[in-house]
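Observations on chain architecture
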Amino acid sequence: MIAPGLASGTQAPPLRRADHADPLLPMELLELELSLDGYDGKSDFCETVRVASAKAGGELLFDLPAEGLMDDCKRIAVLRIPSSEQQMRVVLAVLDHSGTEIRMEAPDPATAHLARFAEAFVKVLERF
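Residues numbered from 1 in each chain as written. Predicted model: local features only at pLDDT ≥ 70, side-chain atom pairs only at ≥ 80, totals over all residues. Heavy atoms only, no water.

Now for the packing of aromatic side chains. This model, assessed by the stated rule, comprises 3 aromatic pairs. Centre to centre, the rings of Phe 62 and Phe 117 are 5.3 Å apart; their planes meet at 80°, and the pair counts as edge-to-face. Here Phe 117 lies in helix α3 (residues 112-127) and Phe 62 lies in strand β1 (residues 59-65), a separation of 55 residues in the sequence. Judged by its relative accessible area of 48%, Phe 117 is partly exposed. Ring centres 6.4 Å apart and planes at 25° place the aromatic pair Phe 117 and Phe 121 in the stacked group. With Phe 117 and Phe 121 both in helix α3 and 4 residues apart, this pair spans about one turn of that helix. Here the aromatic residues Phe 62, Phe 117 and Phe 121 are joined through ring pairs into a cluster of three or more. (Phe/Tyr/Trp six-rings, centres within 6.5 Å; stacked < 30°, edge-to-face > 60°. Helix = DSSP H or I, 4+ residues; strand = E, 2+ residues; numbered from the N terminus. Buried < 20%, exposed > 50% of the residue type's maximum accessible area, 1.4 Å probe, protein only.)

Here you go:
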């Protein structure tokens, strides 16, 4: 369930893909990216992402198989994390095809429908 303090009706601007070499990595993703950096491929993907997002002040909304949605990955977890503007933003935690690495990505045109679905999902949950 969505914590009342995390619920927000507005969506922050999209992020670009998180990259360790990028000196402009958004601060709200840094802790989350570092928490997921040591993923060993043996732990449960969903639980690993849930714990890491909670530590970063966000939450896991849902995860799903990536087949047909994104290339070179097995699963996609859709998260909401706080942004520096005190708004929540939708990001994707993507398990690579080998199942050994999790990368963070912002929704892009190919995955924008996931972000829209996540926003609708949150609105439904906020009603209850």
